[in-house]
Amino acid sequence: MPESQFAYRRILLKLSGEALMGQGDYGIEPAVIRRIAAEVHRMSESGVEMGLVLGGGNIFRGAGLAQAGMDRVTGDHMGMLATVINSLAMQDALEKLGSRCRVMSALKINQVCEDYIRRRAVRHLEKGRVVIFAAGTGNPFFTTDSAASLRAIEIGADIMLKATKVDGVYDSDPVTNPAAIRYEKLSYDEAIAKKLAVMDATALVLCRDQGMPVRVFDLNTGGNLEKVVAGENIGTLVE
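Figured I'd write up the structure that's included with this text. (Residues numbered from 1 in each chain as written. Predicted model: local features only at pLDDT ≥ 70, side-chain atom pairs only at ≥ 80, totals over all residues. Heavy atoms only, no water.)

1. Side note on the sheet that holds strand β5 (residues 130–134)
To keep things clear, this is the line we draw: Criterion used throughout: strands pair if DSSP finds at least two bridges between them. Working definition: helices are DSSP H or I runs of at least four residues, strands are E runs of at least two. Numbering for both runs from the N terminus.
Sheet architecture is open: nine strands sit in the order β4-β3-β5-β2-β1-β6-β10-β11-β9, paired in mixed fashion. Looking at strand neighbours, the two that pair on one side only are β4 (114–115) and β9 (185–186), the edges of this open sheet. Here strand β1 (residues 10–15) runs beside strand β6 (residues 159–164); their pairing, made up of five bridges, is parallel. Of the residues in β6, the one forming a bridge with lysine 14 is lysine 162.

Now the structure itself:
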């Protein structure tokens, strides 16, 4: 598809750590990460500037560790390191396909990846490199959804795409309620007031205040990323 047919020039794609597990209970399923990398690679090769944020819930989740009795700050730091692990795995999968890719970490780990510097990140994108933003915001108590919202705004993305296991935002859990209704479009305030499982409130407020649209869609269906970038009405749009 020619670049001129894309609705967006620069996007921020948010992936949960759980999306990398496949059918497993934890860790990274190689076939899954290869499939996702292939879709990202196609978009990048077509001229779309791609930024990624990956969660770390397939390895560690800071809030869950805190509930089990661990210090919350320590747990969140472990969760940030888990996102670095996932980011390096995604970088490897993308580079095997021929993509030029950089991992930029909010925590200083420059023996394995670059430090996050906004201007350098934008320059990487302008040069056609996929940029993976790791380690969240670098601060405890902030989710990777908040990190994705922040990075999307900082790099001037046209839209933030949140890839999930379901095909949009519902008024209740579609897994447990077959009668759940999917929204095609929502306002930020509706999503916050109804406490819908879009993103955490901090991330939504950040997107609302800076006018960053969010589209929630199912990445498990092949070709959906390309359809969304082309402007098709896939999933749920929050703006």
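2. Side note on the state of the cysteines
Note the cut-off: To count as a disulfide, a pair of cysteine sulfur atoms needs to be within 2.5 Å. Each residue's exposure class comes from its accessible area (1.4 Å probe, protein chains only) as a fraction of the maximum for that residue type: buried when under 20%, exposed when over 50%, partly exposed otherwise.
For the structure shown, the criterion picks out zero disulfides. Left without a disulfide partner, cysteine 101 is nearest to the cysteine sulfur of cysteine 113, which lies 11 Å away. Residue classification places cysteine 113 among the buried residues on the basis of a relative accessible area of 9%.

3. What to know about the side chain of arginine 151
Rule in force here: Pairing of N or O atoms within 3.5 Å defines a polar contact, subject to two protein rules: one partner must be a possible hydrogen donor and the other a possible acceptor, and residues neighboring in sequence count only if both atoms are side-chain atoms.
Turning to its location among the elements, arginine 151 is positioned in helix α5 (residues 144–154). A distance of 2.7 Å separates polar atoms of two side chains, one belonging to arginine 151 and the other to glutamate 154.

4. Structural notes on the packing of helix α1 (residues 30–45) against helix α3 (residues 72–96)
Threshold: Here the axes come from fitting lines to C-alpha atoms, over the contacting stretch only for helices, and the angles between their N-to-C directions go from 0 to 180 degrees. By definition, any crossing whose near helix is turned counterclockwise from its far helix by less than a right angle is left-handed, and any crossing with a clockwise turn is right-handed. The criterion used for residue contact is that any of the two residues' heavy atoms lie within 4.5 Å. The nonpolar class holds Ala, Val, Leu, Ile, Met, Phe, Trp, Tyr, Cys and Pro. Asp, Glu, Lys and Arg form the charged class, and all remaining residues, Gly among them, are polar.
For the pair α1 and α3, the least separation of the axes is 9 Å and the interaxial angle reads 65°. Where α1 crosses over α3, the handedness of that crossing is right-handed. Across the interface between the two elements, Ile33, Ile36, Ala37, Val40 and His41 from α1 touch Asn86, Ala89, Met90, Ala93 and Leu94 from α3. For the contact of α1 with α3, a count of residues per class yields eight nonpolar, two polar and no charged.

5. A closer look at the pattern of salt bridges
What counts here: What makes a salt bridge here is a side-chain nitrogen of Lys or Arg within 4 Å of a carboxyl oxygen of Asp or Glu, nothing more.
Here the structure, examined in full by the defined rule, presents 15 salt bridges. We note a salt bridge from arginine 35 to glutamate 39, for which the minimum N-O separation is 3.9 Å. Linking arginine 35 with glutamate 39, this pair stays in helix α1, spanning four residues, or about one helical turn. Judged by its relative accessible area of 29%, arginine 35 falls in the partly exposed class. The closest approach of N and O atoms between aspartate 189 and arginine 208, which form a salt bridge, is 2.8 Å. Of this pair, aspartate 189 sits in helix α6 (residues 188–193) while arginine 208 sits in helix α7 (residues 201–210), placing them 19 residues apart in sequence. Judged by relative accessible area, which is 45%, aspartate 189 ranks as partly exposed. Look at the salt bridges and you will find they share partners, linking Arg9, Arg10 and Glu49 into a network.

6. Concerning unusual backbone geometry
Although it is not a glycine, alanine 135 adopts a positive phi angle of roughly 70°. Relative to the assigned elements, alanine 135 resides in the loop between β5 and α5. Taking relative accessible area as the criterion, alanine 135 reaches 0% and is therefore assigned buried. Positive phi values are uncommon outside glycine, yet phenylalanine 141 reaches one of about 75°. Among the structural elements, phenylalanine 141 can be located in the loop between β5 and α5. For phenylalanine 141, a relative accessible area of 51% translates into the label exposed.

7. Remarks on the nonpolar core
Rule in force here: Residues belong to one nonpolar core when they are buried, are Ala, Val, Leu, Ile, Met, Phe, Trp, Tyr or Cys, and are joined through side-chain atoms within 4.5 Å.
The biggest cluster of nonpolar side chains holds 38 residues, and the ones touching the most others in it are Leu52, Met90 and Leu225. Breaking this core down by element, the ones donating at least two residues are β1, α1, β2 (49–54), α3, β3 (101–105), β5, β6 and α8 (224–229). For this core, the leading source of residues is α1, giving six residues. The residues contacting leucine 52, other than those within four sequence positions of it, are Leu12, Leu13, Leu15, Val40, Met90, Val130, Val131, Ile132 and Phe133. Judged by nonpolar contacts, the second largest core, of 29 residues, contains Val53, Met104, Ile155 and Leu196.

Note that every value here comes from positions in space, so none of it alone points to a role or purpose.
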